Amino acid sequence: PLGETVSTTAGGTFARDGWTAAVEASRTFEETPGSYGWRVAHSEDEQAFTAAGGAYRTSKGVVEGRVVQQDGAALGNVALDGSAVLAGGGVFLGNRINDSFAVIDAGAEGVDVQFENRFAGKTGKDGKLLLPGLRAYQKNKIAIDVNGLPLNADVPESETVVVPREMSGVVLDFGIEKDNQAAL
């Protein structure tokens, strides 16, 4: 290991029919948006092999690219990994959904949403957010930060618990309405 996130390996063999040497370094990326990872590798024997790749996680998915050079030829690829959900009156792009998800309607733009007491994202211009990563058949606590709502917002509830089915989603409308009496 080189620090907390980078690791390296090196090795080699020597035998009657030839030799091989290889070196690799990599950095793993995390589940949070803004994290990135990379990997570089090189090996030598009768033929040389070199590869490099990287990945970056956004709030909308993962962008990954790789380049390989071997036998005088190079090839590469780029991949996008994520999800597209049509629910709650909109189309939402997000990270891969492996289990269940929720579409949150907080009623205003820029409202912080929490999942299990951890920051999960901010609502978009339409006041909604796609929240992947819910656990099926288990209690999932979802809350909104009322400090991000307009002063005239009437807030019937700011947190709830949902139990979605496997490979399905729920639409959570927190019922936020604008009411001038609430501002007073």
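Heads up: these notes are all about the structure in this document.

Rules used throughout
- All residue numbers refer to position in the chain's written sequence, counted from 1.
- Owing to the predicted nature of the model, reporting of local features is limited to residues with pLDDT of at least 70; listing and counting of side-chain atom pairs is limited to 80 or more, with chain, interface and lining totals taken over all residues.
- The basis for the side-chain values is all heavy atoms of the structure; hydrogens and waters are excluded.
- Only runs of H or I of at least four residues qualify as helices and only runs of E of at least two qualify as strands under DSSP, and these elements are numbered from the N terminus.
- Radius of gyration here uses only the C-alpha atoms, and the compact-globule reference equals 2.2 Å multiplied by the residue count raised to the power 0.38.
- What makes two residues a contact is simply this: any of their non-hydrogen atoms within 4.5 Å.
- For two strands to be treated as a pair, DSSP must find no fewer than two bridges joining them.
- To define axes, lines are fitted to C-alpha atoms, for helices over the stretch in contact only, and angles between the resulting N-to-C directions are given on a 0 to 180 degree scale.
- Here's how the labels work: a residue is buried when its accessible area is under 20% of the maximum for its type, exposed when over 50%, partly exposed in between, all with a 1.4 Å probe on protein chains only.
- Counted as a polar contact is a pair of N or O atoms within 3.5 Å, where, for protein atoms, one must be capable of donating a hydrogen and the other of accepting one, and residues adjacent in sequence contribute only when both atoms are in side chains.
- Salt-bridge detection follows one rule: a side-chain nitrogen of Lys or Arg within 4 Å of a carboxyl oxygen of Asp or Glu.

## Quick notes on the overall build of the protein chain
- When helices and strands are counted, the protein chain shows one helix and 17 strands.
- Relative to its length of 184 residues, the protein chain is extended, with a C-alpha radius of gyration of 23 Å against a globular reference of 16 Å.
- For the protein chain, the spread of C-alpha atoms along the principal axes amounts to about 85 × 30 × 30 Å.
- Residue pairs at least 24 apart in sequence account for 41% of intrachain contacts in the protein chain once pairs closer than 6 positions are excluded.

## Details of the environment of K128
- Within the fold, K128 resides in strand β12 (residues 128-134).
- On a C-alpha basis, the gap between K128 and G72 in space is 50 Å, while along the polypeptide they are 56 residues apart.
- Setting aside chain neighbours within four positions, we find K128 in contact with G88, G89, F92, I104, D105 and T123.

## Looking at the sheet that holds strand β10 (residues 112-115)
- Spatially, four strands are ordered β11-β10-β13-β15 in an open sheet, and the strand pairing comes out antiparallel. A single partner strand is all that each edge strand has here, and the edge strands are β11 (118-122) and β15 (159-162). Here the average twist between neighbouring strands, direction ignored, is 25°.

## Thoughts on the environment of S83
- When you line up the elements, S83 lands in strand β7 (residues 83-87).
- Here S83 falls in the buried class, since its relative accessible area comes to 15%.
- Here the alpha-carbon distance between S83 and N98, two residues 15 residues apart in the chain, equals 9.8 Å.
- Once you skip the residues sitting within four places of it in the chain, S83 turns out to touch F92, L93, G94, N95, R96, I97 and L130.
- At 2.9 Å, the side chain of S83 forms a polar contact with the backbone oxygen of N95.

## Remarks on the pattern of salt bridges
- On inspection of all chains with the given rule, the structure shows six salt bridges.
- D112 serves as the salt-bridge partner of K122, at 2.5 Å between the closest nitrogen and oxygen. Placement of the pair is K122 in strand β11 and D112 in strand β10, with a sequence separation of 10 residues.

## Brief notes about the pairing of strand β9 (residues 100-105)
- Burial of β9 is extensive: six of the six residues sit out of reach of the surface.
- Bridge count for β9 against β12 is six bridges, and the pairing is antiparallel. By the bridge assignment for β12, I104 is matched with L129.
- Relative to strand β16 (residues 169-173), β9 is paired through five bridges, and the arrangement is parallel. Of the residues in β16, the one forming a bridge with I104 is L172.

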